[in-house]
Amino acid sequence: MNFMNNTNPIGIFDSGVGGLTVVKKITTLLPNENIVYFGDTARVPYGTKSNETVIEYAIQDAKFLQTKNVKIIIVACNTVSSIALDVLREKFDIPVIGMIEPGSKLALKKTKNNRIGIIGTNATVNNKAYSSFLLKENKNIEVFEKACPLFVPLAEEGLINHPATKLIAEEYLSDLKELNIDTLILGCTHYPILASTIQEVMGNNVELIDSGTAAGIIVKNYLEGRGLLNNSNNLGTSEFFVSDLPKRFKEIAERFLGRSLKHVHKIDLETIHNLL
Ligand code: DGL
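Residues numbered from 1 in each chain as written. Predicted model: local features only at pLDDT ≥ 70, side-chain atom pairs only at ≥ 80, totals over all residues. Heavy atoms only, no water.

Our next topic: the overall build of the chain. Scanning the chain for helices and strands turns up twelve helices and ten strands. Computed over C-alpha atoms, the radius of gyration of the chain comes to 18 Å, within 12% of the 19 Å expected from 2.2 N^0.38 for 276 residues, which places it in the range of a compact globule. Structurally, the chain occupies a C-alpha span of about 50 × 40 × 40 Å along its principal axes. Taking all 276 residues of the chain together, 52% fall into the buried category. (Helix = DSSP H or I, 4+ residues; strand = E, 2+ residues; numbered from the N terminus. Rg over C-alpha atoms; globule rule 2.2 N^0.38 Å. Buried < 20%, exposed > 50% of the residue type's maximum accessible area, 1.4 Å probe, protein only.)

Shown next, in the form of structure tokens:
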């Protein structure tokens, strides 16, 4: 068991840049925390890969964060959260927080008509992690899922409020619009970036749930409850690691986080493989 100190960083990983939506929430909610982020930009996307591959990558990603002595691991990637959370919890003695439970619980709190939609990658939708969790919590819930794979590259390209994004959103969401849902879970790290277009297409009667926001609150409560909140008065530091294209990541991250980053480190995949 690693010795945990409240000044140890929070570890966050994702298949690529999408987890920055979670970094943004955590830095707003917990500004004094130090953060170590790993984005597996060499192997993104995870959402089109087999469960076996996603589990293998997830273990490597978490091992990398473990080498940074993180006090908690946030699995910002919904695909990994859907497939590999139990394996990670078994393998690591660091607490591991995923996206499914926080997002689902918030959706259950918000829905009034018990009709909840979920959008995510193919892997997340096929694994039915959100719907299983929701139905386990409340048998009266009706759940409707839809994979929206093109939202990931649209968000990566920064096509926010763009006609192409609107067109694709209309195509993907037309079925869900007919189903009288009042709550829609954005079950993918990238989708909050496109929230304004998704809201416009779904209409204002549908509440969008950002799993990252919900997870941030759970992390805060978890650390607080165990005396692990960093009580320094200084702003926390953030360190970013990626497995490929650090320059591109830096540009997207700076645009997205609205601040400049000193350095994005590149980690060789070989180093990550050897951690196994
Ligand atoms: N991070 C993934 C997720 O939240 C989206 C990108 C990918 O497919 O890897 O599901």
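Note that Asp86 resides in helix H3 (residues 78-91). Residue Asp86 is classed as exposed on the basis of its relative accessible area of 59%. Along the chain, Asp86 and Gly98 lie twelve residues apart, while their C-alpha atoms are 9.9 Å from each other.

Attention now moves to empty space enclosed by the protein. Per the stated rule, a full pass over the model turns up one cavity of 30 Å³ or more. By volume, the largest cavity is sized at about 40 Å³. Of the residues assigned to the lining of the largest cavity, the class counts are six nonpolar, five polar and one charged. (1 Å grid on protein atoms, 1.4 Å probe; cavity = no way out; pocket = protein on both sides within 12 Å on 5 of 7 lines; lining within 4 Å. Points joined across faces, edges and corners; volume = space filled by probe spheres on them. Nonpolar A, V, L, I, M, F, W, Y, C, P; charged D, E, K, R; others polar.)

All right, on to the environment of Ile217 then. Along the chain, Ile217 turns up in helix H10 (residues 211-225). According to the relative accessible area criterion, Ile217 is partly exposed, its value standing at 43%. Remark: the alpha-carbon pair of Ile217 and Gln199, spanning 18 residues in sequence, is separated by 23 Å.

Neighbouring residues of the ligand: 13 residues in total, closest Asp14, Ser15, Tyr46, Gly47 and Thr79. Thr189 places a polar side-chain atom, nitrogen or oxygen, 2.9 Å from a nitrogen atom of the ligand. Looking at side-chain class alone, the shell around the ligand contains five nonpolar, seven polar and one charged residues. (Near = heavy atom within 4 Å. Polar contact = N/O pair within 3.5 Å; in protein donor to acceptor, adjacent residues only side chain to side chain.)

A word on the pairing of strand S5 (residues 115-120). Within S5, six of the six residues are buried, which leaves the element mostly enclosed by the surrounding structure. A two-sided burial pattern is seen for S5, the buried positions comprising Arg115, Gly117 and Ile119 on one face and Ile116, Ile118 and Gly120 on the other. In the sheet, S5 pairs with strand S6 (residues 142-147) via six bridges, with the strands oriented parallel. When the bridges of S6 are listed, Arg115 appears paired with Glu142. As defined by bridge partners, S5 adjoins strand S7 (residues 183-187) across five bridges and the pair is classed as parallel. For Ile116, the partnering residue across the bridge sits in S7 and is Thr183. (Pairing = 2+ DSSP bridges.)

Right, let's talk about the nonpolar core for a bit. Ile119, Phe151, Leu173 and Ile198 are the most contacted members of the largest nonpolar core, which has 63 residues in total. Of all the elements, helix H11 (residues 246-257) adds the most residues to this core, at five residues. The next biggest cluster of nonpolar side chains, apart from the first, holds 27 residues, and it includes Tyr46, Ile59, Phe64 and Leu85. (Core = buried A, V, L, I, M, F, W, Y, C linked by side-chain atoms within 4.5 Å.)

Packing of helix H1 (residues 20-29) against H10 brings their axes to within 9 Å, and their N-to-C directions diverge by 40°. On the basis of their axis angle, the class for H1 and H10 is oblique. Pair H1 / H10 crosses with right-handed handedness. Note on element contacts: H10 touches H1 through Gly212, Thr213, Gly216, Ile217, Val219 and Lys220, opposite Val22, Lys25, Ile26 and Leu29. Across the contact of H1 with H10, the residue classes break down as five nonpolar, three polar and two charged. (Axes fitted to C-alpha atoms, helices over the stretch in contact; angles between N-to-C directions. Parallel < 35°, antiparallel > 145°, perpendicular 65-115°, else oblique. Left-handed = near helix turned anticlockwise from the far one by under 90°. Contact = heavy atoms within 4.5 Å.)

Attention now moves to the pattern of salt bridges. Within this structure, the stated rule accounts for 14 salt bridges. The partner of Asp61 in a salt bridge is Arg43, with the nearest N and O atoms 3.7 Å apart. Here the residue Asp61 occupies a position in helix H2 (residues 51-66), and Arg43 occupies one in the loop between strand S2 (35-39) and H2, the gap between them amounting to 18 residues. Take Asp61 and Arg43: they sit in the same class, and that class is buried. Across the salt bridge formed by Glu207 and Lys110, the nearest N and O atoms sit 3.8 Å from each other. Of this pair, Glu207 sits in strand S8 (residues 207-210) while Lys110 is found in helix H4 (residues 100-110), placing the two residues 97 residues apart along the sequence. Residue class for Glu207 comes out partly exposed when judged on its relative accessible area of 36%. Because the salt bridges share partners, they merge into one network encompassing Asp40, Arg43 and Asp61. (Salt bridge = Lys/Arg side-chain N within 4 Å of Asp/Glu carboxyl O.)

The subject of this paragraph is the side chain of Asn78. Note on placement: Asn78 falls in helix H3. Ignoring any residue separated from it by four or fewer positions in sequence, one finds Asn78 in contact with Met99, Ile100, Thr124, Tyr130, Gly187, Cys188, Thr189 and Ser211.

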